[in-house]
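If you want the building blocks of each chain, they are given just below.
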Amino acid sequence: MVNSKFLTFNNGEKMPVIGIGTWQASDEEIETAIDAALEAGYRHIDTAPVYRNEKAIGRVLKRWLDSGKVKREELFIVTKVPPVSNRPHEVEPTIKKSLEDLQLEYVDLYLVHTPFTILINEDGSFKLDKDGLMEVDVTTNHAAIWVAMEALVEKGLTKSIGVSNFSKDQVARLLKNCKIRPANNQIEHHVYLQQRDLVDFCKSENITVTAYSPLGSKGIAKFNAGAGIVRDLPDLMDIPEVKEIAAAHGKTPAQVLLRWIIDTGVSAIPKSTNPDRLKQNLDVFDFELTAEEVAKLSSLDKNIRVCDFAFFHGVERHPEFTFKNQYTN
């Protein structure tokens, strides 16, 4: 079953409402997962240079495109300018490297991954200060970066451009100076972090929203642990109201969480490398939540951010860092 429900961008391009997220998967895992996802009917694939899997994804895409099993225009591929390359002169070389790795001539959506910029050493490792904190480039200029992003559209390297992890004020600033409006803002969004003010603002400006970590993210706990951060994260699949609604529809809690996102006009990119769960995550178009069920799920907001970037300790000192985590208090 090919995903046939879309969000339409302000430039007329269409993005499938369900995609596959690919953060925190090994090359071998991601090749198998992308193969399984394409077989299941996914056409929207989200990646980024910092995920270090663009080459693996590119190998799978080339196999599918060369075999004729899928046409390029049927795919919707998203990648991003990484936080270490948030400078105007680095935008074009960065997308060209991504295109080379993905073995594509263009991507469908290119995002500025974060509103802040991190410094790196010549060997590509993160630059740390004497206290072991990440060093940031405080000269980040969103308006200047956006001019470089707009040039990519004119050169045919991407069909649409957008942002990720941008706040309402950061998006509003961009809108004052842009020639090409952002098509999308990709943010953490789930029943426990709804960011309703930001979502409503983006919609009012005809900017689509994509939810990352739409099912929470158990993988973040492992990532946090690697950075020495111990933090309890909620299990969204275990919320009583979610389980109750799932039982009423004969669906899984994950399917209910995804359907709620779609029913509120947002797209979602759940990550899975499990073939059965991949199929389940796409199998959300044969039922609808009632208005009461949508309202019940919408009432669960607790403002709990799973991906608070505490694993990039030091980045909270950047003037464009707007999240709250254990280091911002």
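Everything in this summary refers to the structure shown in the same document. For clarity, every value in this text was computed on a predicted model and none was experimentally measured. (Residues numbered from 1 in each chain as written. Predicted model: local features only at pLDDT ≥ 70, side-chain atom pairs only at ≥ 80, totals over all residues. Heavy atoms only, no water.)

1. What to know about the sheet that holds strand β3 (residues 20-21)
- Taken in spatial order, the 8 strands make up an open sheet running β3-β4-β5-β6-β7-β8-β9-β10, and their pairing is parallel. Edge positions in the open sheet fall to β3 and β10 (267-268), since each of these has one partner strand only. (Pairing = 2+ DSSP bridges. Helix = DSSP H or I, 4+ residues; strand = E, 2+ residues; numbered from the N terminus.)

2. Thoughts on the packing of aromatic side chains
- The full count for this structure, using the stated rule, is 11 aromatic pairs.
- Summarising the aromatic geometry, the rings of F309 and F312 are spaced 6.2 Å apart at their centres and angled 45 degrees between planes, so their arrangement reads as tilted. As far as the burial class goes, F309 and F312 line up, both buried.
- Members of the aromatic cluster, each reached through a chain of ring pairs, are W23, Y51, F116, F126, F309, F311, F312, F321 and F323.
- Note that K69 overlies the ring of W64, its terminal NZ or CZ placed 4.1 Å from the centroid.
- Directly above the ring of F323 sits R305, whose terminal nitrogen or CZ lies 4.0 Å from the centroid. (Phe/Tyr/Trp six-rings, centres within 6.5 Å; stacked < 30°, edge-to-face > 60°. Buried < 20%, exposed > 50% of the residue type's maximum accessible area, 1.4 Å probe, protein only. Lys NZ or Arg CZ within 6 Å of the ring centre and 35° of its normal.)

3. Observations concerning the pairing of strand β8 (residues 184-188)
- The element β8 is largely enclosed, with a buried count of 5 among its 5 residues.
- Judged by which residues are buried, β8 turns out to be covered on both faces: N184, Q186 and E188 on one side and N185 and I187 on the other are all buried.
- The pairing of strand β7 (residues 158-164) with β8 spans 2 bridges and is parallel. Among the inter-strand pairings, V163 is bridged to a residue of β8, identified as N185.
- Judged from the 5 bridges that link them, β8 and strand β9 (residues 208-212) form a sheet pairing that is parallel. Looking at β9, one finds that E188 is bridged to Y212.

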